[in-house]
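Read off the chains here:
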Amino acid sequence: RRFIAVLYPPYEYEQTTLEAVAGDAVFAAQGRIVKVLGWREVYENDDEDEAELLSEQLLPKIEEKTKILIERLQITQGKTKPPAHFNEGTLLGAMENPVKYMAGESKALKSMIGETGGLGTVATRADIIEKLFNTFLMEKRGKDIYLTAKGHQLLDLVPKELKEPSLTARWEQQLSAIADGRLQNEKFISDIKEYARKLINEIKDSTAKFHHDNITRKSCPECGKFLLEVNGKHGKVLVCQDRECGYRRTITTLTNARCPNCHKKMEMRGDGENKSFFCSCGYREKLSAFQTRKEKTSAGRISKGEVARYMHEQKAAEPVNTALADALAALKLK
């Protein structure tokens, strides 16, 4: 079907907004009016394609000032959906262009943050995100990024200005003024120093406290303090609450091994001979049993490493069809 659909003409439609007046009320509907079915004709009896067409809200072809009979009235109730969680791709995009998160700021600040390339640089944005994961301020659940309890507390504790993209825009404005000769760099540096002193004093004078909500009853083998259980980027980790100690131990790791039942990625838990795979669907398997099963299923298959070695040997070997190459080389064309 896909191959045949490629040979069909384009699917043509009009994107339409329909407005209808009933008494003093104006009702509106947005949808498509199909002009040429095109390649979709091939998928006429395909349930998936029909579902997609229905979700697009097709409108009938209708002329302006046409009278429509109201057959029934129905009141519906619904809830708006919250904004989708960031994933790494959308978070990078938001850092590159944070203008939509600067409601209420001046056009000059929005323009400046757009001209200077957003928060951070192309080289530093990914590193900033990685540091947020490594300090357990946010965690991944599937592909989505969620704030941890530690991240929520930090947002409540830090000064308001440090949470807004407009601070970066104001500093960029001043750097631009220095480049144009409208501001002395000594003035900018002294202002930054004074601003840093003010923030530090605010934090020192604050009575707000940070509380660990993920503390365990397991003691750190290095310093004896209780360990914290955190969700790292690749699994669960036990870390010491004393940052100077720095002890950490991985307790679960998200692997690339797939569950034979639901085909999701499985977690590795345990140490030594007790290592086992666990899946969210409830499936469990010891590492030794997993390795035995893999050996049986991969018997007779060629691994990627073997393919790579073979290809490398072919490059080093003599070229094929040398007789033909020699004959062509000896051929003299006028």
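Residues numbered from 1 in each chain as written. Predicted model: local features only at pLDDT ≥ 70, side-chain atom pairs only at ≥ 80, totals over all residues. Heavy atoms only, no water.

(A) Molecular detail of the overall build of the protein. If you tally the helices and strands in the protein, you get 11 helices and 12 strands. Rg of the C-alpha trace for the protein: 31 Å, well past the compact-globule value of 20 Å for 334 residues, more than 25% over. Based on the C-alpha atoms only, the size of the protein along its principal axes is roughly 80 × 75 × 65 Å. For the protein, with 334 residues in total, the buried portion stands at 21%. Counting only carbon and sulfur atoms, one obtains 53% of the accessible surface of the protein, whose full area is about 26200 Å². In the protein, 54 positive and 48 negative side-chain charges are present, and the distance between their average locations comes to 5 Å. (Helix = DSSP H or I, 4+ residues; strand = E, 2+ residues; numbered from the N terminus. Rg over C-alpha atoms; globule rule 2.2 N^0.38 Å. Buried < 20%, exposed > 50% of the residue type's maximum accessible area, 1.4 Å probe, protein only. Areas by Shrake-Rupley, 256 points an atom, 1.4 Å probe, with all protein chains shown as cover. Lys, Arg positive; Asp, Glu negative; His and termini not counted. Charge placed at Lys NZ, Arg CZ, Asp CG, Glu CD.)

(B) Main features of the sheet that holds strand β5 (residues 215-219). With respect to topology, 4 strands assemble into an open sheet ordered β5-β6-β7-β8, the strand pairing being antiparallel. At either margin of the open sheet sits one strand with a lone partner, and together these are β5 and β8 (248-250). In this sheet, adjacent strand axes meet at a mean angle of 35° when their direction is disregarded. Pairing of β5 with strand β6 (residues 226-232) involves 2 bridges; the strand directions are antiparallel. Paired with Ile215 across the strands is Leu228, a residue of β6. (Pairing = 2+ DSSP bridges. Axes fitted to C-alpha atoms, helices over the stretch in contact; angles between N-to-C directions.)

(C) Representation of the confidence of the model for the protein in the model. Mean pLDDT for the protein: 85, with 94% of residues reaching 70 or above. Model confidence for the protein, summarised as mean pLDDT per element, is weakest for helix α2 (residues 47-55) at 63 and strongest for strand β4 (residues 144-147) at 92. (pLDDT = per-residue confidence, 0-100.)

(D) Main features of the nonpolar core. Ala257, Cys259, Met266, Met268, Phe277, Cys279, Tyr283, Leu287 and Phe290 form the largest nonpolar core, which has 9 residues in total. For this core, the secondary structure elements donating two or more residues are β10 (265-269) and α9 (287-297). The contact partners of Ala257, leaving out residues within four places of it in the chain, are Lys264, Lys265, Met266, Phe277 and Phe290. Core analysis: the second largest hydrophobic core is formed by 6 residues, Met95, Ile129, Met138 and Ile145 among them. (Core = buried A, V, L, I, M, F, W, Y, C linked by side-chain atoms within 4.5 Å. Contact = heavy atoms within 4.5 Å.)

(E) Just the pairing of β4, in detail. Here 4 bridges tie strand β3 (residues 138-141) to β4, and the two strands are oriented antiparallel to one another. Bridged to Lys140 within β4 is Ile145. Hairpin remark: β3 followed by β4, antiparallel, with 2 residues in the connecting loop; positive phi at Gly142, about 70°.

(F) Local environment of the pattern of salt bridges. Summed over the entire model, instances satisfying the criterion amount to 12 salt bridges. Where Lys187 meets Asp191, a salt bridge forms, and the shortest distance between an N and an O atom there is 2.8 Å. Note that Lys187 and Asp191 are positioned in helix α8 (residues 185-205) at a spacing of 4 residues, about one turn of the helix. Residue Glu194 is joined to Arg197 by a salt bridge in which the shortest nitrogen-to-oxygen separation is 3.2 Å. Taken together, the residues Glu194 and Arg197, both in helix α8 and 3 residues apart, mark about one turn of the helix. (Salt bridge = Lys/Arg side-chain N within 4 Å of Asp/Glu carboxyl O.)

(G) Molecular detail of the sheet that holds strand β12 (residues 284-286). Overall, antiparallel pairing links the 4 strands, which are arranged β9-β10-β11-β12 in an open sheet. Single-partner strands in this sheet number two, and they are β9 (252-258) and β12. Averaged over all pairs of adjacent strands, the angle between their axes in this sheet comes to 35°, without regard to strand direction. Pairing analysis gives 4 bridges linking β9 to β10, with the strands arranged antiparallel. Looking at the pairing, Arg258 lines up with Lys265 of β10. Taken strand by strand, α9 contacts β9, β10, β11 (276-278) and β12, and its axis lies near 85° from that of β12.

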